[in-house]
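Reading the structure
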Amino acid sequence: MIKKIAVLFSAMLFSYMVLRADVMPGDTINVAYKLHGQTRRFKFVYDLEGDGGITLHWSIMRNLRLWKGSYSMSPESVERGSRQSCLMPEDGNHITLKGCETFGMISADSFNELCEKGKFIYNGVEYVKTGEGVSDLGNVIEVVDEEEGARMQILDNGKLPLIVRMSDNPLEIDWTMTK
């Protein structure tokens, strides 16, 4: 009987830890970008706006100075975006992305398509679901671009479907998000 209670308690604790690990808007996320052997470590905070948009506030220590800026995504971007912005962060810039662009996440429509059909198209590339897993930020859906081999882990969170990990990117810009 004691063994059964211990197993049940362990299962409940594990479930709580997995559910609790899920990132929420306003949480600080550490992001490590890798390009040509260089690593840049950013801090991201995604804030939900009252109109349904999302603002990403970013910061990085560069040359002993804190650089910071933001990317604003309109409600249209958050809901129906189909492209990932590749605009490089520049100190002091507060950029409003085009209505079709997101940064570090996919749109709600693309997330729903992934959940319902097991695939979605972003930047004109089809990504196909290959499995599920757990990251530092919570449960993820793993996808691959079958033509060029790019792999992503997308946070299984319809309100904030972050691209938690990008690897084997043909553009050679890979990243990982952690708490």
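So, on to the environment of Val140. Among the structural elements, Val140 can be located in strand 10 (residues 138–145). The exposure class assigned to Val140 is buried, which follows from its relative accessible area of 1%.

Here we come to the packing of aromatic side chains. The way to describe two aromatic rings as a pair is by their centre distance and the angle between their planes. Under the defined criterion, the tally for this structure stands at 10 aromatic pairs. Judged by centre distance (6.4 Å) and plane angle (55 degrees), the rings of Tyr33 and Phe44 are tilted. Residue Tyr33 is located in strand 1 (residues 28–35), and its partner Phe44 is located in strand 2 (residues 38–48); the two are separated by 11 residues in the primary sequence. What makes Phe44 buried here is its relative accessible area of 2%. Between the aromatic rings of Tyr71 and Phe103, the centroid separation amounts to 4.2 Å while the plane-to-plane angle is 10 degrees, which identifies the pairing as stacked. Here Phe103 lies in the loop between strand 7 (101–102) and helix 3 (108–117) and Tyr71 lies in strand 4 (residues 65–73), a separation of 32 residues in the sequence.

For the α-helix, the turn length of 3.6 residues means that residues three or four positions removed from each other point alike. Residues Ala108, Ser110, Phe111 and Leu114 constitute the buried set of helix 3. Buried residues of helix 3, viewed axially, fall in a sector of 165 degrees; they line one side. Along helix 3, the residues that are exposed and aim more than 90 degrees away from the buried face are Glu116 and Lys117. Where the residues of helix 3 are buried, they touch helix 2 (75–80), strand 8 (119–122), strand 9 (125–135), strand 10 and strand 11 (151–155).

This part covers the sheet that holds strand 8. If you trace the 11 strands from one edge of the open sheet to the other, you get 6-4-3-2-1-13-12-11-10-9-8, paired in mixed fashion. Looking at strand neighbours, the two that pair on one side only are strand 6 (94–96) and strand 8, the edges of this open sheet. Recorded for the sheet is a direction-independent mean angle of 25 degrees between the axes of neighbouring strands. Relative to strand 13 (residues 174–178), strand 1 runs antiparallel, the two being bridged by five bridges. Considered in strand 13, the bridge of Val31 is made with Met177. Contacting strand 8, strand 9, strand 10 and strand 11, helix 3 crosses the sheet at an angle of about 150 degrees to strand 8.

Further remarks concern the confidence of the model for the protein chain. Summary statistics for the protein chain give a mean pLDDT of 89 and a share of 87% for residues scoring 70 or more. The low-confidence segment residues 3–21 (pLDDT under 50) makes five contacts with residues lying over four places distant or belonging to another chain.

Below, the discussion takes up the pairing of strand 1. The pairing of strand 1 with strand 2 spans eight bridges and is classified as antiparallel. Counted as the bridge partner of Lys34 is Thr39 from strand 2. Between strand 1 and strand 2, which pair antiparallel in sequence order, lie two residues; one of them, His36, sits at a positive phi of approximately 50 degrees.

Attention shifts here to unusual backbone geometry. For His36, which is not a glycine, the phi torsion comes out positive at approximately 50 degrees. Tracing the backbone through its elements, the reader meets His36 in the loop between strand 1 and strand 2. Residue His36 is classed as exposed on the basis of its relative accessible area of 62%. We note that Leu64 has phi near 60 degrees; this positive angle belongs to a residue other than glycine. Within the secondary structure, Leu64 sits in the loop between strand 3 (54–62) and strand 4. Classification of Leu64 by relative accessible area gives exposed; the value is 85%.

Cut-off values and rules
- Residues numbered from 1 in each chain as written.
- Predicted model: local features only at pLDDT ≥ 70, side-chain atom pairs only at ≥ 80, totals over all residues.
- Heavy atoms only, no water.
- Helix = DSSP H or I, 4+ residues; strand = E, 2+ residues; numbered from the N terminus.
- Buried < 20%, exposed > 50% of the residue type's maximum accessible area, 1.4 Å probe, protein only.
- Phe/Tyr/Trp six-rings, centres within 6.5 Å; stacked < 30°, edge-to-face > 60°.
- Arc of directions from axis to C-beta.
- Contact = heavy atoms within 4.5 Å.
- Pairing = 2+ DSSP bridges.
- Axes fitted to C-alpha atoms, helices over the stretch in contact; angles between N-to-C directions.
- pLDDT = per-residue confidence, 0-100.

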